[in-house]
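Here's the letter readout for the chains.
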Amino acid sequence: MGMEMEKKDTRDRERIEAVLKLVRKQAPLNMKQEKYCNDACVERFLRARGDNVKKAAKHLRLVLSWRESIGIDSLIADEFSGELAEGLAYVAGHDDDARPVVVFRIKQDYPKLQSQKSFVRLLVFTLEVAVSSMSRFVDEFILLFDASLFRSASAFLNFFMGTLKIVGDYYPGRLHKAFVIDPPSMFSVLWKGVRPFVELAAATAVVCSLDYEDSLEGGSDCFSSYPRTASLRYEPAAATPVTGRQQPVVGSASSRFSFTVSHLNSVKPWYLSTNNGPLGHSSRTVVPAESTPSLIGASPINARSYSFASPGARSTPVKQQTPLQRTPMQAPRQQPRTPKPSFLQSPANLFNFKKEGHLSKGERDKESFLPFLRFYRRPYDEMVYRAKMRPPLGGLTSIVYAQVKTHHQQSRRFTGHLQRI
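As recorded by an unreviewed UniProt entry, the protein chain carries the name Sec14p-like phosphatidylinositol transfer family protein and is attributed to Rhynchospora pubera.

Enquirer: Explanation requested: the overall build of the protein chain in the structure shown.
Expert: Counting secondary structure elements, the protein chain contains 17 helices and seven strands. For the protein chain, the residues scored as buried account for 34% of the 421 residues in total. Put simply, 70% of the contacts in the protein chain that link residues at least 6 apart link residues at least 24 apart.

Enquirer: I'm lost on helix H8 (residues 153–170) in this one. Help?
Expert: For the α-helix, the turn length of 3.6 residues means that residues three or four positions removed from each other point alike. Compared with an ideal rise of 1.5 Å per residue, which puts 18 residues at 26 Å, H8 spans 26 Å between its outermost C-alpha atoms and is within 8% of the ideal. For H8, the full list of buried residues reads Ala153, Phe156, Leu157, Phe159, Phe160, Thr163, Leu164, Ile166, Val167, Gly168 and Tyr170.

Enquirer: What am I meant to see in the packing of helix H3 (residues 39–48) against helix H4 (residues 53–70) here?
Expert: Two packed helices can be described by the angle between their axes and the distance between those axes. Orientation of H3 relative to H4, taken along the N-to-C sense of each, is 120°, at an axis distance of 8 Å. One element, H3, and the other, H4, form an angle in the oblique class. In the crossing of H3 with H4, the sense of the turn from one axis to the other is right-handed. Seen from H3, the contacting residues are Cys41, Val42, Phe45 and Leu46; seen from H4, they are Val53, Ala56, His59, Leu60 and Val63.

Enquirer: Explanation requested: the packing of H4 against H8 in the structure shown.
Expert: Running from N to C, H4 and H8 point in directions that differ by 120°, and their axes come no closer than 10 Å. Here H4 lies oblique to H8, going by the angle between them. Within the contact between the two elements, H4 uses His59, Val63 and Trp66 and H8 uses Gly168, Asp169 and Tyr170. Looking at side-chain class alone, the contact of H4 with H8 contains three nonpolar, two polar and one charged residues.

Enquirer: What is the right way to look at the pattern of salt bridges in this model?
Expert: Where charged atoms of side chains with opposite charge meet at close range, the side chains can pair. All chains considered together, the criterion is met by 16 salt bridges. Between Lys32 and Asp73 there is a salt bridge, and its shortest N-O distance comes to 3.9 Å. Separated by 41 residues along the polypeptide, Lys32 in helix H2 (residues 31–36) and Asp73 in the loop between H4 and helix H5 (81–86) bring together distant segments of the chain. In this structure, Arg121 engages Glu79 in a salt bridge whose closest nitrogen and oxygen atoms are separated by 2.8 Å. Pair noted here: Arg121 is in helix H7 (residues 116–132) and Glu79 is in the loop between H4 and H5, with a separation of 42 residues, a long-range link. A relative accessible area of 12% places Arg121 in the buried class. What makes Glu79 partly exposed here is its relative accessible area of 38%. Through salt bridges with shared partners, one network takes in Arg13, Glu17 and Asp39.

Enquirer: Honestly, the packing of aromatic side chains in this entry has me stumped. Any pointers?
Expert: Aromatic ring pairs are reported here in terms of the distance separating the ring centres and the angle at which the planes meet. The tally for this structure, following the rule as stated, stands at 23 aromatic pairs. Their ring planes at 65° and their centres at 5.3 Å tell us that Phe150 and Phe156 sit as a pair that is edge-to-face. Of the two residues, Phe150 and Phe156, both sit in the buried class. Taken together, the ring pairs connect Phe104, Tyr110, Phe119, Phe145, Phe150, Phe156, Phe159, Phe160, Phe187 and Trp191 into an aromatic cluster. The lysine or arginine in question, Lys366, covers the ring of Tyr212, its NZ or CZ lying 6.0 Å from the ring centre.

Enquirer: How do you make sense of the pairing of strand E4 (residues 175–181) when you look at a structure like this?
Expert: Regular strands place their side chains on alternate faces of the sheet. Burial within E4 is extensive, with six of its seven residues counted as buried. The parallel pair strand E3 (residues 141–146) and E4 is bridged by H8, and the resulting crossover is right-handed. Where E4 and strand E5 (residues 204–207) come together, four bridges link them in parallel fashion. Its bridge partner being in E5, Ile181 is matched across the sheet by Val207. Regarding topology, helix H9 (residues 187–194) serves as the crossover connection from E4 to the parallel E5, and that connection is right-handed.

Enquirer: What am I meant to see in unusual backbone geometry here?
Expert: Trans is the common state for peptide bonds, and a negative phi is the common state for residues other than glycine. Non-glycine residue Asp51 carries a positive phi angle of around 60°. The phi dihedral of Asp182 falls on the positive side, at around 55°, and the residue is not glycine. As for its placement among the helices and strands, Asp182 is situated in the loop between E4 and H9.

Enquirer: How should I be thinking about the sheet that holds E5 in this particular structure?
Expert: Pairing is mixed in the open sheet, where five strands are placed in the order E1-E2-E3-E4-E5. One side of each edge strand has no neighbouring strand; the edge strands of this open sheet are strand E1 (89–94) and E5. Here the strands of the sheet are splayed against their neighbours by 20° on average, with no regard to which way each runs. Direction of pairing for strand E2 (residues 100–104) relative to E3: parallel, over a ladder of four bridges.

Enquirer: Honestly, the pairing of E3 in this entry has me stumped. Any pointers?
Expert: By the criterion of burial, E3 is predominantly enclosed, with six of the six residues buried. Residues Phe141, Leu143 and Phe145 of E3 are buried on one face, and the alternating residues Ile142, Leu144 and Asp146, pointing to the opposite face, are buried as well. As defined by bridge partners, E3 adjoins E4 across six bridges and the pair is classed as parallel. Bridge pairing in E4 places Ile142 opposite Lys177.

Enquirer: Help me out: how do you make sense of H3 in this one?
Expert: When we look at burial in H3, the residues that qualify are Cys41, Val42, Arg44, Phe45 and Leu46. Gly50 lies just past H3 and shows a positive phi near 65°.

Enquirer: What exactly am I supposed to notice about the state of the cysteines here?
Expert: Here a disulfide denotes one covalent bond, and it connects the sulfur atoms of two cysteines. Taken as a whole and judged by the stated rule, the model has zero disulfides. The thiol of Cys41 is not disulfide-bonded; the next cysteine sulfur, from Cys37, is found 5.4 Å away.

Enquirer: Help me out: how do you make sense of the side chain of Arg105 in this one?
Expert: With respect to the secondary-structure elements, Arg105 resides in the loop between E2 and helix H6 (110–113). Accessibility expressed as a relative area gives 19% for Arg105, which makes it buried. At a separation of 3.3 Å, a polar atom in the side chain of Arg105 contacts the side chain of Tyr90. At a separation of 2.5 Å, a polar atom in the side chain of Arg105 contacts the main-chain carbonyl oxygen of Tyr376.

About the thresholds
- Per chain, residue numbering runs from 1 following the sequence as it is written.
- Owing to the predicted nature of the model, reporting of local features is limited to residues with pLDDT of at least 70; listing and counting of side-chain atom pairs is limited to 80 or more, with chain, interface and lining totals taken over all residues.
- Side-chain figures throughout are based on the complete set of non-hydrogen atoms in the structure, without hydrogens or water.
- Secondary structure is summarised from DSSP: a helix means a run of H or I of at least four residues, a strand means a run of E of at least two, and numbering begins at the N terminus for each.
- Each residue is placed in one exposure class: buried if its accessible area under a 1.4 Å probe, protein chains only, is under 20% of its type's maximum, exposed if it is over 50%, and partly exposed if it falls in between.
- Two residues form a contact once any of their heavy atoms are found within 4.5 Å.
- For a helix, the expected span equals 1.5 Å multiplied by the residue count minus one.
- Here, axes are lines fitted to C-alpha atoms. For helices the fit covers the stretch in contact, and angles between N-to-C directions go from 0 to 180 degrees.
- Roughly parallel means an angle under 35 degrees; roughly antiparallel, over 145; roughly perpendicular, 65 to 115; everything else is oblique.
- With the far helix as reference, a near helix turned anticlockwise by less than a right angle produces a left-handed crossing, and one turned clockwise produces a right-handed crossing.
- In this classification, Asp, Glu, Lys and Arg are treated as charged, Ala, Val, Leu, Ile, Met, Phe, Trp, Tyr, Cys and Pro as nonpolar, and every other residue, Gly included, as polar.
- Take a side-chain nitrogen of Lys or Arg and a carboxyl oxygen of Asp or Glu: if they are within 4 Å of each other, that pair is a salt bridge.
- Put simply, two rings from Phe, Tyr or Trp (the six-membered ring, in Trp's case) pair if the centres are within 6.5 Å, and we call them stacked under 30 degrees between planes, edge-to-face over 60, tilted for the rest.
- Two conditions define a charge located above a ring, namely a distance within 6 Å from the ring centre to NZ of Lys or CZ of Arg, and an angle within 35 degrees of the ring normal.
- The path from the first strand over the helix to the second decides the hand: if it runs clockwise while the strands point away from the viewer, the crossover is right-handed.
- The pairing criterion for strands is at least two bridges between them, as found by DSSP.
- Pairs of cysteine sulfur atoms within 2.5 Å are what we label disulfides.
- Here a polar contact is recorded for every N or O atom pair within 3.5 Å, except that within protein the pair must consist of a potential hydrogen donor and a potential acceptor, and residues adjacent in sequence are included only if both atoms are side-chain atoms.

Below, the structure is given as structure tokens:
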């Protein structure tokens, strides 16, 4: 076993040296390019090109030329002060496997107000911050796209495909998973048509944030946070029982509306009125059940059903029963089960090999997004994001802070040395 591992390491090392030899043969590498072309970087290019040395070398040389043309070494946070203040693209944190999570909240009008070059530089700057924040044994990141800020599905598709192309071409082997959250309604249709032609389509997933409402903290109170929805709910305390001296009221048990049935108007035997007082004390007179022969035995819950019933059904008297005279509840009558279709009825069932417990793609995507939901809902903090930037990406602030921190550590060491003396 040890001999096989040694042979594999030797073979991998020979491939890495062969790739670097071909890259240096075209043009010599400067100090920054030599630092970029480490063993882990060359291995990612080899995996992306199927361990083909010539294709990996060609791809690596192309990426080096692109990085030099776009000026990655000159990217600093001071160039994107407005974008950082709004939180259009930032690193939200790291997941359980120490992979950085990048969140994009690009608005639909932003590409129209900025040039394509500025937009690409912002994207590359954010990805470089994510790469620089990786630990030693981590080489992948996660992308979260908040598509709810887009009204046009085609506009978001162009932005999404452009981002995936940059990641696939110039950051090979870096993408672990990309999630599209709350896209426009037509995006799924357009994405289904172009998905076979996207290289990183297998690492993408489309999810809806409404599917995770139950995972919010205090989920029981989330329903009452919407005043319109909470006001239309049925309140059991509002439906007071009818006492012996009170006359039964024919109507609904809502706290906002009163549903009243009248036998005086044959054209419109029911009407809705707003309640200005307690239940059963509306602005209009409520007709008692005894004065309405067609609604004898109707309760406040089923009065509306009786009003919409046929004349024959409404004229049938229903004998009222006291709670002591009620018969025990009978078991519901079981309907005969429909037999499953056989092969002779549906030949397509022969090719249906879905196993029990097997999740569909949508369910798998929903489950895979759950660990990253906290990064999507976490509020943006510019200072926390700037703290993740290493010099020189953080700009003048990070450079000065690093120098001050180094000087402070040196002064503490010198003071401790004097105290020991």
